[in-house]
Amino acid sequence: MAFKFCDSMIHRYRTEGYVIFRQVLPVSLVRDLRHATATAQEQARKKSGQQAQRLQPLSSYDIDPKPFADYANLAPLVDAISKILTPRHKLGKGDSYQCGLLLEPAELPWCTAWHRDIRETHEVPDVEEFRRITTDPLWFNQINCPLYEDNCTWYVPGSYLRQFDLDGETKASTAKTCDEKDGYLQRERSCLEYTQAMPHCIRASMDAGDFMLYHPNGWHIGNYLPDRKRVTIHDFAPTPELIDWYDRWGKSREAAQKKRDAEKEAVAAK
Ligand SMILES: O=C(O)CCC(=O)C(=O)O
Ligand SMILES: [Fe+2]
């Protein structure tokens, strides 16, 4: 069924931290995007190895930008984002050519750890400011838009609204995922068990042409199988203020790294 915006999606996003626009990309656009990304795995693996999880930004690879511009300007999508967030939130700065693609690994199942993308301990530029903005539904956002059926992403609804972790979340996220020595099937099982052990998690089961908008500082994970083809646009819809925040964060991390390097050098010189 064709996508239709519903006001309850606004409530859902604000309380749960995620919403999925089902079948919002038309078939013709999915076709063009699949065509443009036909060699994505090959290119990513050449650069980052067989287990490459993504390529980013698109502009560093040999990928036709045209269908990504069509995606970024797709009227029902632009409209839905402007209602859930604001009209000032723009997909990929208007062309989405800076976005990434999430891909399946070539050889072995694996999963990321359960995580929140940014915490106040991650050298944020201003901790007080971060505490204010991280639970603001209109500040951080992230997008997964699958071009093939995608069951990799799991999420803990509502977790972005609190900065403290529950004991069960700490326990689940710090548990062992899988053993490096495990074979294919054991890794597949261990990663699934690790993923499922997070209290109150949901699996974002998606089909080609769906679009998930989510808060990246809520608990989430990616769990990957080589035999499930994955090409999922990984993007965000920032305001100019959010772009400025990421710039400031980049500088803050650079300065912290410089400080650590200088401390190391000082110890070594003693
Ligand atoms: O693969 C996914 O859907 C999530 C990836 C992720 O959370 C990350 O790389 O930080
Ligand atoms: Fe993440």
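This section reports on the structure supplied with the text. (Residues numbered from 1 in each chain as written. Chains lettered and ligands numbered in written order. Predicted model: local features only at pLDDT ≥ 70, side-chain atom pairs only at ≥ 80, totals over all residues. Heavy atoms only, no water.)

1. Brief notes about the overall build of the protein chain
Moving on, step 1. Assigned secondary structure in the protein chain consists of 9 helices and 10 strands.
Moving on, step 2. At 19 Å, the protein chain has a C-alpha radius of gyration in line with the 18 Å of a compact globule built from 270 residues.
Moving on, step 3. If one aligns the C-alpha atoms of the protein chain with their principal axes, the spans along those axes are about 65 × 45 × 40 Å.
Moving on, step 4. Across the 270 residues that make up the protein chain, the buried fraction comes to 46%.
Moving on, step 5. When contacts within the protein chain are restricted to residue pairs at least 6 apart in sequence, those whose partners lie at least 24 apart make up 86%.
Moving on, step 6. Total accessible area on the protein chain stands at roughly 13700 Å², and carbon and sulfur atoms take up 53% of it.
Moving on, step 7. Across the protein chain, 37 positive and 39 negative side-chain charges occur, with their mean positions spaced 1 Å apart. (Helix = DSSP H or I, 4+ residues; strand = E, 2+ residues; numbered from the N terminus. Rg over C-alpha atoms; globule rule 2.2 N^0.38 Å. Buried < 20%, exposed > 50% of the residue type's maximum accessible area, 1.4 Å probe, protein only. Contact = heavy atoms within 4.5 Å. Areas by Shrake-Rupley, 256 points an atom, 1.4 Å probe, with all protein chains shown as cover. Lys, Arg positive; Asp, Glu negative; His and termini not counted. Charge placed at Lys NZ, Arg CZ, Asp CG, Glu CD.)

2. Here we look at the sheet that holds strand E1 (residues 18–21)
Moving on, step 1. A sheet is described by the order of its strands in space; here 6 strands give the open sequence E1-E8-E5-E10-E3-E2, paired in antiparallel fashion. Two strands close off the open sheet at either side, each with one partner strand: E1 and strand E2 (54–55).
Moving on, step 2. Both strand E5 (residues 142–146) and strand E10 (residues 231–235) contribute to a ladder of 4 bridges, which runs antiparallel. Directly across from asparagine 144, in E10, lies its bridge partner histidine 234.
Moving on, step 3. With respect to the sheet, helix H1 (residues 8–16) is in contact with E1 and strand E8 (211–214), its orientation differing from that of E1 by roughly 145°. (Pairing = 2+ DSSP bridges. Axes fitted to C-alpha atoms, helices over the stretch in contact; angles between N-to-C directions.)

3. With respect to the coordination of the iron ion (ligand 2)
Moving on, step 1. Distances from the iron ion (ligand 2) to its protein donors, namely His115 (NE2), Asp117 (OD) and His220 (NE2), fall within the range 2.1 to 2.2 Å.
Moving on, step 2. Among the residues examined, histidine 115 registers a relative accessible area of 25% and is labelled partly exposed.
Moving on, step 3. Under the relative-accessibility criterion, aspartate 117 is labelled partly exposed at 26%. (Donors = N, O, S within 2.8 Å, 3.2 Å for Na, K, Ca; no water.)

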